[in-house]
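# Chains, contacts and geometry: an overview
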Number of protein chains: 2
Amino acid sequence: MAKIDLIKDLVPIAQNTMADIVEKELRDYLKKKSFKPGDALPSELELAEALGVSRNVVREALSRLRMLGMVETRKRRGMILSRPDILGSFERVLDPLIIDASTLQDIFELRLTLEMGLADILYLRKTKKDLKELEAIAKSQEPKGKGQAFRISSEVAFHGKIYQMTGNDTLTRFQNMLLPIFGYVISLEKVPKIGTVSHIDLVNILKDGSKEEFRAGMMEHLKPHFDRLK
Amino acid sequence: MAKIDLIKDLVPIAQNTMADIVEKELRDYLKKKSFKPGDALPSELELAEALGVSRNVVREALSRLRMLGMVETRKRRGMILSRPDILGSFERVLDPLIIDASTLQDIFELRLTLEMGLADILYLRKTKKDLKELEAIAKSQEPKGKGQAFRISSEVAFHGKIYQMTGNDTLTRFQNMLLPIFGYVISLEKVPKIGTVSHIDLVNILKDGSKEEFRAGMMEHLKPHFDRLK
DNA sequence: TACATTTGATATGTAGGACATATCTACATA
DNA sequence: TATGTAGATATGTCCTACATATCAAATGTA
């Protein structure tokens, strides 16, 4: 008995490879020195010598940083620091098929949370032009009951537009990445549920109503999803 | 004139390296085949031959996937598919010093959005035990005006606990990663601003008040930050 | 037969050498 | 001034080699 408990507490010792170490070393190096994008870095050979590893190892570490967008490399020019695309690496991993059920559920909730929190910034930034466009989207979806595929693409278009109206590019991209997962979780439902507040209703609230009314409307719109949470 | 316009339209052609291609190839391969974690993958040499590249290139690509947590490797055992830590790669890049101002602002807003959207899930999951712990945190912060460092660590402890009360691990971790950036943006203020609703007030609302009251309270608590947004 | 030990094969981790290619610098030329 | 040439340099790719860890089979022992 005691043995099993002990084993459960044990975690595999971190078999850090040289590439892992060098990667971390380089990331710390880049952060500390407060470089600016465009600054040149030592060459691979210099790094290898300085760190006492082979050029292979350095290249593996650099390959990772390159993927993260932290550095760029040009022939002869050497390496230069660059601004990472903070969502880029996220995107690579965000696939419903390779994420465990518990995390999928977490992300589902994360998106619901965002949706409910949008009102304040939305009311700060919304414009007449955006409202018209949103209304056009909502109206084009009016003939309801066109099947699952149409329903999902409608949701994507409408809610995507709302995020875009916040003027926050990062938020908009982030939500776009979450969509496949959101869609996946919804597709697990047997019976598609629809809230009592429609897209058109939400548009009308946005036009004339208050933040609080919009939030209440969004809650009703998403109610079927919230009801699924325990 | 025409020449300059032409040049403006030109973008550098994507100099994809072999490692980039192989990385994408492998990711698609892993997704398509619907492997389960633990499944064994071909050896580096087999992959290299199958793709017609050197083992070096394959190793660079695999090194990236290893960083993302998509695969694990053991000597002799070969490679096995594993569940990526979706936030792990995010963490590597999330440093205020290497993110541009506009994205920092976006992330600042993202956190405000989350904070305002928490109410629904929070009221679904909060327990008496959690409330007590949250109250303890809030009370321990009562003697105000202990300087910037104490103020920030108080914010972190209190708001962190709220996220934890949602029972959503991904959300909690995500918020924790956003904290340095949030703190950084705040630290740019000359005069620290404090909302009219304190942590204690929020706890009291959580104990007896409604979701709507909590949301209103949180809005007041965060008002100084929202006022900074245009 | 059952179990423990040894041995060999295999895949990864690391090192180092080689060369093609792109591109920067300097110099030469019209 | 603009263009073209030559050399130097850093990356991109390939190859070979070997240490090490580990699985699997062979061997030895009770």
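Computed from a prediction, not measured in an experiment: that's the story for all the values here. (Residues numbered from 1 in each chain as written. Chains lettered and ligands numbered in written order. Predicted model: local features only at pLDDT ≥ 70, side-chain atom pairs only at ≥ 80, totals over all residues. Heavy atoms only, no water.)

Its 18 residues give helix α12 (residues 211-228) of chain B an end-to-end C-alpha distance of 25 Å, which sits within 8% of 26 Å, the value for a rise of 1.5 Å per residue. Maximal helix bending in α12(B) amounts to about 65 degrees, located at B:Leu222; proline B:Pro224 follows within four positions. (Helix = DSSP H or I, 4+ residues; strand = E, 2+ residues; numbered from the N terminus. Expected span 1.5 Å × (residues − 1). Bend = angle between axes of the 7 residues up to and from the residue.)

All chains considered together, the criterion is met by 44 salt bridges over all chains. With a closest N to O distance of 2.8 Å, A:Glu23 and A:Arg64 form a salt bridge. On the criterion of sequence distance, the pair formed by A:Glu23 in helix α2 (residues 18-32) and A:Arg64 in helix α4 (residues 55-68) is long-range, its members being 41 residues apart. The same class applies to A:Glu23 and to A:Arg64, which are both buried. Where A:Lys161 meets A:Asp130, a salt bridge forms, and the shortest distance between an N and an O atom there is 3.2 Å. In this pair, A:Lys161 is assigned in helix α9 (residues 148-165) and A:Asp130 in helix α8 (residues 128-140), connecting sequence segments 31 residues apart. Each member of the pair A:Lys161 and A:Asp130 is classed as buried. Connected through salt bridges with shared partners, the residues A:Asp20, A:Glu23, A:Arg27, A:Arg64 and B:Arg92 form a single ionic network. (Salt bridge = Lys/Arg side-chain N within 4 Å of Asp/Glu carboxyl O. Buried < 20%, exposed > 50% of the residue type's maximum accessible area, 1.4 Å probe, protein only.)

Moving on, we come to the protein's contact with DNA strand D. As a matter of local geometry, DNA strand D sits amid 20 residues, with A:Arg55, A:Arg76, B:Met18, B:Ser54 and B:Asn56 nearest to it. Per the 4 Å cut-off to the protein, sugar and phosphate atoms form 65% of the nearby atoms of DNA strand D. Interatomic distance of 2.9 Å between a backbone N/O atom of A:Glu44 and a phosphate oxygen of DNA strand D. Take A:Thr73: an N or O atom from its side chain is 3.0 Å from a phosphate oxygen of DNA strand D. In the surface near DNA strand D, the residues fall into four nonpolar, six polar and ten charged. (Near = heavy atom within 4 Å. Polar contact = N/O pair within 3.5 Å; in protein donor to acceptor, adjacent residues only side chain to side chain. Nonpolar A, V, L, I, M, F, W, Y, C, P; charged D, E, K, R; others polar.)

Worth remembering: the numbers are spatial, not functional.
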